[in-house]
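# Reading the structure
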Amino acid sequence: MYKILIVDDEKMIRLGMKKVLPWESLGISEVYDAASGREALGIIREKKPEIMISDIQMTEMTGLELIEAARKIVPELRVIVLTGYDNFEYARQSLRLQVQDFFLKPIEEEELARAVSKQVNYLEELKAEEKNLRLLQRTQGTAEQTELEHYMRNLVHKREDKGQLLSNLKEYYHFDIERDLKLMLIVPTLYMNQQPTEENFQAMSVKNVCMSMVDAQERGITFSDDDGTIAITWFEAETGDVVLDAIEELSDILKDEFDAKPKMVVGSTVHGFSNLFISYNDARYLLDNEKEGIRDIVQTFGAQNKADIFRDIYAELKDIMCANVGNTDYVMKAFNTFSKATQSYNLSPAMVRRNCFEIASALYFSYLGDSGEVESGRLDSLSKSLICADREEACDVTRMFISQLLGSEEENVHEIITKAKHYIDEHLTEELSVSNIAASLYITPNYFSRLFKRVTKEGCNEYIVRKRIEKAKSLLETTSMKTGKIAMMVGYRDTNYFSLAFKKHTGKSPTKYREEIQHSV
């Protein structure tokens, strides 16, 4: 919402405009009015309106003089000029002052509303461009991200002036500081070694994947706490399930990319950035106290009875199957574990039939969502087969259903991976992530990540890094370009990250590699 100032020495006109337009629906939250240029300048200094409607012929100071003085206070001020005089010189001077619109009085209500709406739309587009630019800068490893991480660390560790931190997050990064949040920590065993985070290639790689899946999609903010633990502040929607789904998706992609099972601890939901430290402390407590267990995503812990334990096992196995639709062997292995659990916990046939149908339904819809293929009648046939089945028969029928469902996708897998590799080759110098590659193929990031890992035996991000390093080696060998320029040409905006990646793959820094190549020649 924006602020507008109406300036006219005729009270009836001034107040008429103030009362007649539907300001709120136009995107205007505050409407000020002034009878003179001097009064208007006082309001501009104090309230900083984004839009001004001004007459030209006024006492003490003309509208044109007012515009010139106002722009010194608010350089980006959008100005609409109204005048009762059809004078070419007024129009010419208005153009010189770069006013946004010029109208003769009287002006129709609808026409003035359109003029105001036009300026609001311009400001909204400008704000969106600025937001996108800041988001791009953040996700490309610039000083913007470093500064934001500094703010987030100070918030969760309760340092510095909280009011100033919140103001910076609102004004500079355009975050809604009153929204509901949930903080998550990634257990360091996935990425930690003895090196500090900024010198740890694995940790930086994990953070980059998180930023491409979270920050770039405006789902939250990725940063590191004082101990170097990777933290993500998730933006809550109306229901917490949306965040949990996103966390599970991120967990699956990290598992595919780094060949390690990530464990995540999630704090409580809090209202506003000012209370983020509470969710952080919850997550930190869970991180320090949770023992190794079946759950990848930990929210609560404690003693559970036998039925609760099976429900947890069942829920986890179902999630594992849905998260690995692109890997038939893995899905079947998880289902066989479920089948054994139904015997170990001595479930009733009715309970097994219900669980089998739930698993099949969840897998079916995950498969449809990932692949986009629709085959009617499958679930209906399964339900009829399950109606009178005993415990063992129910598992056998469902196992056959899963095998037939997932077996049909194998024909398309290699074509998808071929297209993905071509896309990567064509866009190697640009921002690349699992998300935008999957979007180009019209499939989900999770599905694509699993397929790529299964077919190529390496994670998609690992493949991208390898291709970039190969190109960088060629440029270092055949050109005299500076390392920073080469980093940009192979898709790295952060030269430090490029150097770490290059050294990890070659055992040498880019400079050392070039020196040895030139010396051997």
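Throughout what follows, the structure given in this document is the object of discussion. (Residues numbered from 1 in each chain as written. Predicted model: local features only at pLDDT ≥ 70, side-chain atom pairs only at ≥ 80, totals over all residues. Heavy atoms only, no water.)

### Focus: the environment of Ile486
Its location among the elements puts Ile486 in helix α21 (residues 483-489). Given a relative accessible area of 0%, Ile486 falls into the buried group. C-alpha separation for the pair Ile486 and Ala472, spaced 14 residues apart in sequence, amounts to 6.4 Å. (Helix = DSSP H or I, 4+ residues; strand = E, 2+ residues; numbered from the N terminus. Buried < 20%, exposed > 50% of the residue type's maximum accessible area, 1.4 Å probe, protein only.)

### Let's talk about helix α19 (residues 445-456)
Here α19 is twelve residues long and its end C-alpha atoms lie 16 Å apart, about the 16 Å a rise of 1.5 Å per residue gives. Along α19, ten of the twelve residues are buried, which leaves the element largely enclosed by surrounding structure. Where α19 is concerned, the buried positions are Pro445, Asn446, Tyr447, Phe448, Ser449, Arg450, Leu451, Phe452, Lys453 and Thr456. The first or second residue beyond α19 is Lys457, which carries a positive phi of 70°. (Expected span 1.5 Å × (residues − 1).)

### Considering the pairing of strand β3 (residues 51-55)
Among the five residues of β3, five are classified as buried, and the element is accordingly described as predominantly covered. When strand β1 (residues 2-7) meets β3, the two strands line up parallel, connected through four bridges. Among the inter-strand pairings, Ile4 is bridged to a residue of β3, identified as Ile51. Crossover β3 to strand β4 (residues 78-83) through helix α4 (residues 63-73) is right-handed. (Pairing = 2+ DSSP bridges. Right-handed = clockwise from strand over helix to strand, strands pointing away.)

### Re the pattern of salt bridges
Side chains that carry opposite charge are capable of pairing whenever their charged atoms lie near each other. Scanning the entire structure with this criterion turns up 18 salt bridges. Arg14 serves as the salt-bridge partner of Asp33, at 3.0 Å between the closest nitrogen and oxygen. One end of the pair, Asp33, is in strand β2 (residues 28-34); the other, Arg14, is in helix α1 (residues 11-20), with 19 residues separating them in the sequence. For Arg14, a relative accessible area of 8% translates into the label buried. A salt bridge links Asp225 to Arg284; its shortest N-O distance comes to 2.5 Å. With Asp225 in the loop between β7 (220-224) and β8 (230-235) and Arg284 in helix α11 (residues 276-289), this residue pair connects regions lying 59 residues apart in the sequence. No difference in accessibility class separates Asp225 from Arg284, as the two residues are buried. Each of Glu458, Arg466, Lys467 and Glu470 takes part in salt bridges that share partners, so that together they form one network. (Salt bridge = Lys/Arg side-chain N within 4 Å of Asp/Glu carboxyl O.)

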